[in-house]
Amino acid sequence: MLVSPGLVPGFRSVQSALLLENAHPVPFMTGDSAPPGLISSNPDFFVRNHFRTPQISSDSWNLVVDGLVSTPLKLSYSDLLLANSVRRAVTMECAGNTPGGIGVGNALWTGIPLAELLKQAGAKTAATTVILHGSDSGSGEGVPANTHFARAIPFERAMNASTLLAYEMNGSPLPADHGFPLRALVAGWYGMDSVKWLTRIEITSQPFDGYFQQQHYVALTANGERRPITRMLVNSKFLRPSEGEEIGSKIYRVNGVAWAGERKIAKVEVRFSPGGSWQPASVDAQPVALSWTSWRYQWQIPSAGKYTLEVRASDEEGKTQPDARDPGRQDAYELNTPHGITVTVRP
């Protein structure tokens, strides 16, 4: 393998199958440097790991790019920091996030486009698949011993300008739980493809049959059909009010966020009783793809009592959050029915 001399002008780190999440709702930061929308703080951004977090030294870490390439690369962390970088606000969601759940966040990610490395390595024309190998490993119920987490994405998606190798999150080096020193960021796709603690990028012409590619993150139907989970679906949630909140005013500003992966949000609607009519909410900023947008609704409360609020969003392709989950689904992914909460309005 070769250490690329003029690389992208630039590189040189374990819970058995477990979900780590913050136990409180995600707060947000705004400011003059924030992009349109809201940015989740690093400590409160959700964490989803399959194995224990590797403790990696940036001094000894390397990233290998190999497989169907003309010039295999071996990159150091210092190479990474010297590379020409880009910074983007991108929303990431866990594929198993529940309606209104905390398994979604929006951060400013800094890194280099994966396409730049694939070009410098000279990816061959036969390439169809890019396998992202993480350094985390372990075992568990049904998980073979010493299994490393790895996922594959199509070569075309790897070459998309929005697919990054990220080394900073909100202007700071990646926290350990978020993949330090380097993670993939497959913007607009569910979070499992944004592999953390990257150590190897393998280019191949064959489908990848890794454990987490074949046994997890697959949509299953009652008739036995299977398809891979990839693009994030349109979704939304309330930030205010919260579940069980007591409201003492007759006018209340309801707000939240909505996102649609690779597509833009077209509209957001709310309703205040099951089966009631949907009311259009106001979208605060010009929606953009890949990053969520905030919305609001000025609720004129007719009387005291209990209310069930729901929110749904539609994307620019006309896809709307469904009122109910497809009864034929046998998996626990792509859960994007409307977020509902119950509040009490005091007299």
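Structure first, text after, so check above.
Cut-offs used in this document
Residues numbered from 1 in each chain as written. Predicted model: local features only at pLDDT ≥ 70, side-chain atom pairs only at ≥ 80, totals over all residues. Heavy atoms only, no water. Helix = DSSP H or I, 4+ residues; strand = E, 2+ residues; numbered from the N terminus. Contact = heavy atoms within 4.5 Å. Pairing = 2+ DSSP bridges. Axes fitted to C-alpha atoms, helices over the stretch in contact; angles between N-to-C directions. Salt bridge = Lys/Arg side-chain N within 4 Å of Asp/Glu carboxyl O. Buried < 20%, exposed > 50% of the residue type's maximum accessible area, 1.4 Å probe, protein only.

1. Considering the environment of T342
- Checked against the element boundaries, T342 lands in strand β23 (residues 339–345).
- Between the alpha carbons of T342 and E310 there is a distance of 8.9 Å; along the sequence they are 32 residues apart.
- Setting aside its immediate chain neighbours within four residues, T342 contacts S242, E243, G244, E245, Y307 and T308.

2. Comments concerning the sheet that holds strand β12 (residues 198–204)
- Spatial strand order, β4-β3-β12-β7-β8: five strands in an open sheet with mixed pairing. Every interior strand has two partners, whereas the edge strands, β4 (73–75) and β8 (143–154), have only one. Across the sheet, the axes of successive neighbouring strands diverge by a mean angle of 25°, strand direction being ignored.
- In this structure, strand β7 (residues 129–140) lies alongside β8, joined through eight bridges in antiparallel fashion. Bridged to I131 within β8 is A152.

3. Some thoughts on the pattern of salt bridges
- By the definition in use, this model includes 17 salt bridges.
- Among the salt bridges present, the one from E168 reaches R87, with a minimum N-O distance of 3.7 Å. Note that E168 is positioned in strand β9 (residues 163–169) and R87 in strand β5 (residues 86–93), a separation of 81 residues in sequence.
- A salt bridge links D315 to R263; the nearest nitrogen and oxygen atoms lie 2.9 Å apart. One end of the pair, D315, is in strand β22 (residues 305–315); the other, R263, is in the loop between β17 (251–259) and β18 (265–271), with 52 residues separating them in the sequence. For the pair formed by D315 and R263, the shared burial category is buried.
- One network of salt bridges, in which partners are shared, links R157, R231, E262, E317 and K319.

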